[in-house]
Amino acid sequence: MKFLALFLSTLLPFSNALGSRSTSASPYGVSLQATIQVAPENATRFIEIAKPIVAVPLCHFFELYQSLEDPGVISWVENWDATAEWLVNVQLPKEYYKGYLEATEPMYIRPREMKIVNRVGPPFAFYKSWNREA
Ligand SMILES: *[C@@H]1O[C@H](CO)[C@@H](O)[C@H](O)[C@H]1NC(C)=O
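The numbering scheme is per chain: residues are counted from 1 as the chain's sequence reads. In keeping with the model being predicted, local features are shown solely for residues with a pLDDT of at least 70 and side-chain atom pairs are shown and tallied solely at 80 or more, while totals for entire chains, interfaces and linings include all residues.

By the naming in an unreviewed UniProt entry, the protein chain is ABM domain-containing protein, taken from Cercophora newfieldiana.

Chemist: Whenever I open this one, unusual backbone geometry confuses me. Can you help?
Modeler: For residues other than glycine, phi is negative in most cases, and the peptide bonds are mostly trans. Across the junction of P122 and P123, the peptide omega takes the value 0 degrees, indicating a cis bond. Runs of E in the DSSP output that reach at least two residues are strands. Runs of H or I that reach at least four are helices, and both are numbered from the N terminus. Position of P123 relative to the elements: it lies in the segment after β4 (108-118).

Chemist: Can you help me understand the site of the ligand in this one?
Modeler: Working rule for contacts: place C-beta from the backbone, and if it is within 6 Å of a molecule or strand, that residue counts as near it. Around the ligand, the surrounding shell consists of A39, N42, P106, M107 and I109. For the shell around the ligand, the class distribution of residues is four nonpolar, one polar and no charged. Ten residues, namely Ala, Val, Leu, Ile, Met, Phe, Trp, Tyr, Cys and Pro, are considered nonpolar, four, namely Asp, Glu, Lys and Arg, are considered charged, and the remaining ones, Gly among them, are considered polar.

Chemist: Is there a simple way to explain helix α3 (residues 84-91) in this structure?
Modeler: For an α-helix, the turn length of 3.6 residues means that residues three or four places apart are oriented alike. Along α3, the residues that are buried comprise A84, L87 and V88. For α3, the arc enclosing every buried residue in end-on projection is 85 degrees, short of the 170-degree limit, so these residues lie on one face. For the exposure call, what matters is how many other C-beta atoms sit within 10 Å of a residue's own: 20 or more marks it buried, 12 or fewer exposed, and in between partly exposed, using C-beta atoms placed from the backbone. It is the directions from the helix axis to the C-beta atoms that the arc portrays.

Chemist: Would you mind going over the pairing of strand β3 (residues 73-80) with me for this structure?
Modeler: Put simply, side chains in a regular strand alternate between the two faces of the sheet. The pairing of strand β1 (residues 30-38) with β3 spans eight bridges and is antiparallel. Within β3, the residue paired with L32 across the bridge is E78. Strand pairing is assigned whenever DSSP identifies at least 2 bridges connecting the two strands. Bridging between strand β2 (residues 59-66) and β3 involves seven bridges; their strand directions are antiparallel. Bridge pairing in β3 links Y65 to S75. Here β2 hands over to β3 after six residues, the two strands then running antiparallel side by side.

Structure (structure tokens):
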């Protein structure tokens, strides 16, 4: 799966997701966690535009969340079988994020928050079979 990324003409917007120093790679890969905020009336349109951008091989988990208090606060989690460096330097600059970003960034009413963290792995990761999928 692929999804969020940003950037208009440079990698700058991603640089803070990686942090100031490189950490050791987790055998479980990394999780990209992002939050954006749009006006409540733009939330449905944001989600519709984001939908086609969800399908890249090394992303093995993706889930989008919407705030209970404000439907314009939308966050998501992407788990990648990859390193943070690969995600930032190889995946996020891919061409197909451009149209998505150009269409969605004008909706933002505050800057995107994004971080990349190591997955700790079992037993701190599980997915029960009854977890509802849409
Ligand atoms: C909704 O999104 C559009 C961009 O698609 C933007 O121009 C507009 O200002 C947004 N509405 C609000 C209330 O932020």
